[in-house]
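Given next are the chains, with one letter for each unit.
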Amino acid sequence: MHAQRKKTKRFQLAELFPGTFFWRFTLQCMENRTDSDIRAAREERRAIQAIDGKKAMAEYLAVEEATRANTERLRKLRLAREQ
(Lines give C-alpha, C1' and ligand atoms only; values in the text may rest on other atoms or scores of the structure.)
Protein backbone atom coordinates (compact mmCIF):
# COMPACT_ATOMS: atom_id res chain seq x y z
CA MET A 1 0.00 0.00 0.00
CA HIS A 2 1.14 3.48 -0.78
CA ALA A 3 1.74 5.91 2.02
CA GLN A 4 -0.84 8.64 2.05
CA ARG A 5 0.52 11.99 1.04
CA LYS A 6 -0.31 14.95 3.22
CA LYS A 7 -2.71 17.26 1.44
CA THR A 8 -1.27 20.70 1.07
CA LYS A 9 -3.32 23.85 0.97
CA ARG A 10 -2.90 23.81 -2.80
CA PHE A 11 -4.61 20.45 -3.10
CA GLN A 12 -7.35 21.40 -0.66
CA LEU A 13 -8.21 24.50 -2.67
CA ALA A 14 -7.93 22.63 -5.97
CA GLU A 15 -10.53 20.16 -4.73
CA LEU A 16 -12.90 23.03 -3.99
CA PHE A 17 -12.51 24.48 -7.49
CA PRO A 18 -11.75 21.55 -9.79
CA GLY A 19 -10.87 22.06 -13.42
CA THR A 20 -10.55 25.81 -13.49
CA PHE A 21 -7.43 27.13 -15.14
CA PHE A 22 -7.48 30.27 -13.02
CA TRP A 23 -7.33 28.37 -9.77
CA ARG A 24 -4.69 25.94 -10.98
CA PHE A 25 -2.51 28.82 -12.15
CA THR A 26 -3.11 30.86 -9.00
CA LEU A 27 -2.37 27.92 -6.75
CA GLN A 28 0.88 27.17 -8.57
CA CYS A 29 1.94 30.79 -8.16
CA MET A 30 0.86 30.95 -4.52
CA GLU A 31 2.52 27.71 -3.48
CA ASN A 32 5.72 29.34 -2.21
CA ARG A 33 4.30 32.70 -1.15
CA THR A 34 4.25 33.99 2.39
CA ASP A 35 1.23 35.46 4.14
CA SER A 36 2.62 38.97 3.76
CA ASP A 37 3.01 38.43 -0.01
CA ILE A 38 -0.56 37.21 -0.25
CA ARG A 39 -1.80 40.15 1.81
CA ALA A 40 0.13 42.63 -0.38
CA ALA A 41 -1.26 41.06 -3.56
CA ARG A 42 -4.79 41.23 -2.13
CA GLU A 43 -4.36 44.92 -1.27
CA GLU A 44 -2.97 45.63 -4.73
CA ARG A 45 -5.90 43.82 -6.37
CA ARG A 46 -8.38 45.78 -4.25
CA ALA A 47 -6.67 49.06 -5.14
CA ILE A 48 -6.89 48.20 -8.84
CA GLN A 49 -10.55 47.25 -8.45
CA ALA A 50 -11.24 50.58 -6.71
CA ILE A 51 -9.62 52.49 -9.58
CA ASP A 52 -11.59 50.46 -12.12
CA GLY A 53 -14.78 51.16 -10.20
CA LYS A 54 -14.12 54.89 -10.20
CA LYS A 55 -13.45 54.81 -13.96
CA ALA A 56 -16.64 52.84 -14.58
CA MET A 57 -18.70 55.26 -12.49
CA ALA A 58 -17.20 58.28 -14.27
CA GLU A 59 -18.00 56.69 -17.63
CA TYR A 60 -21.54 55.90 -16.52
CA LEU A 61 -22.11 59.48 -15.34
CA ALA A 62 -20.64 60.88 -18.58
CA VAL A 63 -22.99 58.75 -20.68
CA GLU A 64 -25.92 59.77 -18.50
CA GLU A 65 -25.04 63.46 -18.87
CA ALA A 66 -24.62 63.11 -22.65
CA THR A 67 -28.00 61.39 -22.92
CA ARG A 68 -29.63 64.09 -20.82
CA ALA A 69 -28.08 66.85 -22.96
CA ASN A 70 -29.13 65.14 -26.20
CA THR A 71 -32.70 64.69 -24.91
CA GLU A 72 -32.86 68.35 -23.96
CA ARG A 73 -31.57 69.39 -27.39
CA LEU A 74 -34.12 67.20 -29.17
CA ARG A 75 -36.92 68.49 -26.93
CA LYS A 76 -36.03 72.09 -27.83
CA LEU A 77 -36.01 71.22 -31.53
CA ARG A 78 -39.39 69.50 -31.25
CA LEU A 79 -40.92 72.43 -29.35
CA ALA A 80 -39.53 74.91 -31.89
CA ARG A 81 -40.97 72.84 -34.75
CA GLU A 82 -44.40 72.60 -33.09
CA GLN A 83 -44.73 76.35 -32.58
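Since the model is a prediction, treat every value here as computed from it, not as a measurement.

### Points about the overall build of the chain
Piece 1. Secondary structure summary: the chain contains three helices and zero strands in total.
Piece 2. For the chain, the α and β elements follow one another from N to C terminus as α-α-α.
Piece 3. Looking at the chain as a whole, 2% of its 83 residues qualify as buried.

### Some thoughts on the pattern of salt bridges
Where charged atoms from two side chains of opposite charge approach closely, those side chains can pair.
Piece 1. Counted according to the given criterion, the structure contains four salt bridges.
Piece 2. Close ionic contact of Glu72 with Lys76 constitutes a salt bridge, the shortest N to O distance being 3.5 Å. Taken as a pair, Glu72 and Lys76 lie in helix H3 (residues 35-82) at a separation of four residues, close to a single helical turn.
Piece 3. Lys76 gets classed as exposed once you look at its relative accessible area, which sits at 52%.

### Description of the confidence of the model for the chain
Piece 1. Averaged over every residue, the pLDDT of the chain is 78; the share at 70 or more is 61%.
Piece 2. Looking at the elements of the chain, mean pLDDT is at its lowest for helix H2 (residues 21-30), recorded as 56, and at its highest for H3, recorded as 92.

Thresholds applied
- Residues numbered from 1 in each chain as written.
- Predicted model: local features only at pLDDT ≥ 70, side-chain atom pairs only at ≥ 80, totals over all residues.
- Heavy atoms only, no water.
- Helix = DSSP H or I, 4+ residues; strand = E, 2+ residues; numbered from the N terminus.
- Buried < 20%, exposed > 50% of the residue type's maximum accessible area, 1.4 Å probe, protein only.
- Salt bridge = Lys/Arg side-chain N within 4 Å of Asp/Glu carboxyl O.
- pLDDT = per-residue confidence, 0-100.

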